[in-house]
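Given next are the chains, with one letter for each unit.
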Protein chains: 2
Amino acid sequence: MSAEPLPRQVGHPLSDEFRLTEVLHALSDPLRLSIVAALAESGAELSCSAFHLPVTKSTSTHHFRVLREAGIVRQRYEGTARMNSLRREDLDAVFPGLLTSVLASAGQNQ
Amino acid sequence: MSAEPLPRQVGHPLSDEFRLTEVLHALSDPLRLSIVAALAESGAELSCSAFHLPVTKSTSTHHFRVLREAGIVRQRYEGTARMNSLRREDLDAVFPGLLTSVLASAGQNQ
DNA sequence: TGGTTGGTACGATAAACAACGTACAACGAT
DNA sequence: ATCGTTGTACGTTGTTTATCGTACCAACCA
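It should be emphasised that the depicted structure is a prediction, and the values quoted were computed from it without experimental measurement. (Residues numbered from 1 in each chain as written. Chains lettered and ligands numbered in written order. Predicted model: local features only at pLDDT ≥ 70, side-chain atom pairs only at ≥ 80, totals over all residues. Heavy atoms only, no water.)

1. A word on the protein's contact with DNA strand D
How we decide: We call a residue near a molecule or strand whenever a single non-hydrogen atom of that residue lies within 4 Å of it. Within 3.5 Å is the distance limit for a polar contact, defined as a pair of N or O atoms, with the added protein rule that one can donate a hydrogen and the other accept it, and that residues adjacent in sequence qualify only through two side-chain atoms. Runs of H or I in DSSP of at least four residues are treated as helices and runs of E of at least two as strands, each being numbered from the N terminus. Amino acid classes used here: Ala, Val, Leu, Ile, Met, Phe, Trp, Tyr, Cys and Pro are nonpolar; Asp, Glu, Lys and Arg are charged; the rest, including Gly, are polar.
Taken together, the neighbourhood of DNA strand D is formed by 24 residues, with Lys-57, Thr-61 and Arg-82 of chain A together with Thr-56 and His-63 of chain B sitting nearest. Close to the protein, within 4 Å, the atoms of DNA strand D are drawn from sugar and phosphate at a rate of 67%. A distance of 2.7 Å is found between a base nitrogen of DNA strand D and a side-chain nitrogen or oxygen belonging to Lys-57 of chain A. One of the side-chain N or O atoms of Thr-59 of chain B is found 3.1 Å from a phosphate oxygen in DNA strand D. Only α3 (57-70) and β3 (81-86) of chain A together with α3 (57-70) of chain B provide two or more residues apiece to the surface near DNA strand D. Along the lines of polarity and charge, the residues of the surface near DNA strand D split into 5 nonpolar, 13 polar and 6 charged.

Printed below as a string of structure tokens:
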């Protein structure tokens, strides 16, 4: 009589729910910006633990949630790992050129 | 024996002191983004009171200071008014394309 | 010499945020 | 079954932030 196993799914905003100020805020944290830059450079899915962030696991969870809720990353489970990928096409469609210029600036500036 | 009148000048960061995360944070507030959009659209200097912001004077002062310290606006006194202008060339030199894409996105999204 | 205008300084407050620790859940392997 | 791996949930703490009110200041005008 145990309960059903949880599906472990998370909500992602649709493209037309993106809000510019929320995206800018998500990108304005150095740690989150470094996550986005690493995802863009790799071009692939990366697990949370692949980033070797200088914070604890719970803080890491917090930052990935901010990125996901802003629509910047997509997350899905693969075994115990949570794989993250950039929603580049969705972002480019709603905010053309934004991510490109932010990433180019990040490479130079921070 | 009165003291010298204060010069009423404010500090502006040099271009090479711009920090991307600070700029993104400054732009991530709806009120500040609307200020920047209005400045870009007018293409001219505007006094603080020209914006008719739905906040008090002291809150308005706060937001203009955040924008100035990030390097986004330039401020100078003209009589009793403080005139604000966009530092578009400086921003474009350090973060090419960033302001353009943000403003284009702001026009669509907010 | 005042009064008006446009803005700053300072202090207070409430909300949001980044960070942590502990406990726990899902999955895979042993 | 149990254990290690990977990440989440929840509560806490200290900092930052957005907002306001009050007091003030500098410039202009009458």
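Right, picking up where we left off after that structure.
2. A few points about the protein's contact with DNA strand C
Close contacts around DNA strand C come from 23 residues, with His-62 and His-63 of chain A together with Lys-57, Thr-61 and Arg-82 of chain B the closest. Looking at DNA strand C alone, sugar and phosphate atoms form 66% of those within 4 Å of the protein. At 3.1 Å, a backbone N or O of Cys-48 of chain B approaches a phosphate oxygen of DNA strand C. When contributions to the surface near DNA strand C are tallied by element, the ones reaching two or more residues are α3 of chain A together with α3 and β3 (81-86) of chain B. The residue inventory of the surface near DNA strand C, partitioned by class, reads 5 nonpolar, 13 polar and 5 charged.

3. Describing α3 of chain A
Residues and elements named next belong to chain A. What counts, and what does not: Working rule for helices: expected span equals 1.5 Å times residues minus one. Residue exposure (1.4 Å probe, protein chains only): buried if accessible area is under 20% of the type maximum, exposed if over 50%, otherwise partly exposed. The contact definition used throughout considers only heavy atoms, calling two residues in contact when any of these lie within 4.5 Å.
Between its terminal C-alpha atoms α3 stretches 20 Å, which fits the 20 Å expected from 14 residues at 1.5 Å a residue. All of the buried residues along α3 are Ser-60, His-63, Phe-64, Val-66, Leu-67, Arg-68 and Ala-70. Of the surrounding elements, those touching the buried residues of α3 are α1 (20-27), α2 (30-42), β2 (73-78) and β3. Gly-71, located one to two residues past α3, shows a positive phi value of around 95 degrees.

4. Notes on the pattern of salt bridges
Just so we agree on the cut-off: Counted as salt bridges are all cases of a side-chain nitrogen of Lys or Arg within 4 Å of a carboxyl oxygen of Asp or Glu.
Applying the stated rule across the entire model yields 10 salt bridges over all chains. We note a salt bridge from Arg-76 of chain A to Glu-45 of chain A, for which the minimum N-O separation is 2.8 Å. Residue Arg-76 of chain A is found in strand β2, and its partner Glu-45 of chain A is found in the loop between α2 and β1 (46-47); the two are separated by 31 residues along the sequence. What makes Arg-76 of chain A partly exposed here is its relative accessible area of 37%. Among the salt bridges present, the one from Glu-22 of chain B reaches Arg-19 of chain B, with a minimum N-O distance of 3.8 Å. The partly exposed category is assigned to Glu-22 of chain B, whose relative accessible area is 26%. Classification of Arg-19 of chain B as partly exposed rests on a relative accessible area of 45%. Look at the salt bridges and you will find they share partners, linking Glu-45, Arg-76 and Glu-78 of chain A into a network.

5. Some thoughts on the side chain of Ser-28 of chain A
Residue placement: Ser-28 of chain A occurs in the loop between α1 and α2. When its relative accessible area of 11% is taken as the criterion, Ser-28 of chain A is described as buried. Among the polar contacts made by the side chain of Ser-28 of chain A, one reaches the main-chain carbonyl oxygen of His-25 of chain A at a distance of 2.8 Å. With residues up to four places along the chain from it excluded, the contact list for Ser-28 of chain A reads Thr-21, Leu-24 and His-25 of chain B.

6. Digging into the nonpolar core
Soluble globular proteins tend to bury their nonpolar side chains together. Here is the rule: Within this scheme, the nonpolar core is defined by two criteria: the residues are buried Ala, Val, Leu, Ile, Met, Phe, Trp, Tyr or Cys, and they are joined through side-chain atoms within 4.5 Å.
One finds Ile-72 and Leu-98 of chain A together with Ile-72 and Leu-98 of chain B to be the most contacted residues of the largest nonpolar core, which totals 55 residues. Listing elements by their share of this core, those giving two or more residues are α1, α2, α3 and α5 (98-109) of chain A together with α1 (20-27), α2 (30-42), α3 and α5 (98-109) of chain B. Sequence-distant contacts of Leu-98 of chain A, defined by excluding residues within four places in its chain, comprise Leu-20, Val-23 and Leu-24 of chain A together with Leu-98, Ser-101 and Val-102 of chain B.

7. Comments concerning unusual backbone geometry
All names here are of chain A. Of note in the backbone geometry, His-52 takes a positive phi value of approximately 50 degrees without being a glycine. Structurally, the position occupied by His-52 is in the loop between β1 and α3. According to the relative accessible area criterion, His-52 is exposed, its value standing at 70%.

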